[in-house]
Amino acid sequence: MIQLIPAIDIIDGQCVRLTKGDYDQKTVYGDPLQMAQHFERIGYKRLHVVDLDGAKSRHIVNVDVLRRISTETNLTIDFGGGIKTDDDLRTAFDCGAQLVTVGSVAVTHPDLFLRWVSEYGPDRLILGADVRNGKISINGWKEDSTEDLLPFLRRYVEAGVRNVLCTEISKDGTLTGPAIELYQSVMRQYPSLHLIASGGVSSTDDIRALDRAGIPAVVFGKAIYEGRIDLEQLIHM
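Summarised in this report is the structure supplied together with it. (Residues numbered from 1 in each chain as written. Predicted model: local features only at pLDDT ≥ 70, side-chain atom pairs only at ≥ 80, totals over all residues. Heavy atoms only, no water.)

Topic: the pattern of salt bridges
Step number 1: Using the criterion set out here, one finds twelve salt bridges in the structure.
Step number 2: Here Asp 31 ties to Arg 68 by a salt bridge, and the two come within 3.6 Å at their closest N and O atoms. Within this pair, whereas Asp 31 is found in the loop between strand S3 (22–30) and helix H1 (32–42), its partner Arg 68 is found in helix H3 (residues 63–72), the two being separated by 37 residues in sequence.
Step number 3: A salt bridge links Asp 87 to Arg 90; the nearest nitrogen and oxygen atoms lie 2.7 Å apart. On the criterion of helical spacing, the pair formed by Asp 87 and Arg 90 is a turn pair, its members being three residues apart in helix H4 (residues 86–94).
Step number 4: Relative accessible area serves as the criterion here: at 38%, Arg 90 is assigned to the partly exposed category. (Salt bridge = Lys/Arg side-chain N within 4 Å of Asp/Glu carboxyl O. Helix = DSSP H or I, 4+ residues; strand = E, 2+ residues; numbered from the N terminus. Buried < 20%, exposed > 50% of the residue type's maximum accessible area, 1.4 Å probe, protein only.)

What about the packing of H4 against helix H6 (residues 110–120)?
When two helices pack together, their arrangement is given by the angle between the helix axes and by the axis-to-axis distance.
Step number 1: At a minimum axis separation of 12 Å, H4 and H6 run at an interaxial angle of 35°. You can see that H4 and H6 cross each other, and the crossing is right-handed. Taken together, the residues of H6 that come into contact with H4 (itself represented by Asp 86, Leu 89, Arg 90 and Phe 93) are Leu 112, Arg 115, Trp 116 and Tyr 120.
Step number 2: For the contact of H4 with H6, the per-class residue count stands at five nonpolar, no polar and three charged. (Axes fitted to C-alpha atoms, helices over the stretch in contact; angles between N-to-C directions. Left-handed = near helix turned anticlockwise from the far one by under 90°. Contact = heavy atoms within 4.5 Å. Nonpolar A, V, L, I, M, F, W, Y, C, P; charged D, E, K, R; others polar.)

Some words on the side chain of Ser 198
Step number 1: Looking at the secondary structure, you find Ser 198 in strand S11 (residues 194–198).
Step number 2: Aside from chain neighbours lying at most four places away, what touches Ser 198 is Leu 165, Cys 166, Thr 167, Glu 168, Asp 172, Tyr 183 and Val 219.

Structural notes on the packing of aromatic side chains
By convention here, two paired aromatic rings are described through the distance between centres and the angle between planes.
Step number 1: By the definition in use, this model includes four aromatic pairs.
Step number 2: Look at Phe 113 and Tyr 156: their rings are 5.2 Å apart centre to centre, the planes differ by 85°, and that puts the pair in the edge-to-face class. Here Tyr 156 lies in helix H7 (residues 149–157) and Phe 113 lies in helix H6, a separation of 43 residues in the sequence.
Step number 3: Tyr 156 gets classed as buried once you look at its relative accessible area, which sits at 0%.
Step number 4: Considering the side-chain rings of Phe 152 and Tyr 156, the 5.5 Å spacing of their centres and the 70° angle between planes classify their relative orientation as edge-to-face. Separated by four residues within a single helix, Phe 152 and Tyr 156 lie in helix H7, roughly one turn from each other. Each member of the pair, Phe 152 together with Tyr 156, is buried.
Step number 5: One aromatic cluster in this structure is built from Phe 113, Phe 152 and Tyr 156. (Phe/Tyr/Trp six-rings, centres within 6.5 Å; stacked < 30°, edge-to-face > 60°.)

Thoughts on H4
Step number 1: Buried within H4 we find Asp 88, Leu 89, Ala 92 and Phe 93. Each buried residue of H4 lies within a common arc of 130° when the element is viewed along its axis, so the set occupies one face. Counted as exposed and oriented over 90 degrees from the buried face of H4: Asp 87 and Asp 94.
Step number 2: Tucked into the core, H4 has its buried residues touching H3, strand S5 (76–80), strand S6 (99–102), H6 and strand S7 (125–132).
Step number 3: Immediately downstream of H4, the backbone of Gly 96 shows phi near 115°, a positive value. (Arc of directions from axis to C-beta.)

Function cannot be inferred from these measures alone, as they are strictly geometric.
So this is what it looks like as structure tokens:
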């Protein structure tokens, strides 16, 4: 059974969703803590939290929200957005994240990311691989690198990285269905990865399709907030 990970994206302390990573296409959905507690009451165990202010500012911003969720729920939190320095990473863990997603640093400072994997262990770091037009995107999706997805992953898989969060940016927030072929290509190349698919999920059927395709985990957000997914039914799928 595919691992189900609801998502909370944060701007100005509020739960939001963007479309294709565009900060000008923002919908606000309320208090992140209340949303996290709702997920927990239904029975979800894992939560994906993204500090969108942090991603844009290139340092953690919404630490208070992370701290509130970690102290007032028992959810396993993976946190990303703005992790650029040792202090950022330490802050995320100190404020309650059990796992941290790192994307831009893995592109711009690969030695630093590999040191973090060595120091904290591969079970606590998630490699963020956000893709647009086949290239890895960085800094809150504001810049595209020259890195192609599969060669980019190879370097880190060979170094022991086990967790990868892959977002197809053109799908994110669009409710048009996930990029299943992209995720299948990753799994064919690296079958031992714990790959977390992200972007485009619009329905329970989309999640079933990812499950049938052998994708280990899925992050989904907008479909929840827009009432496209019945969370109680989904958890008993």
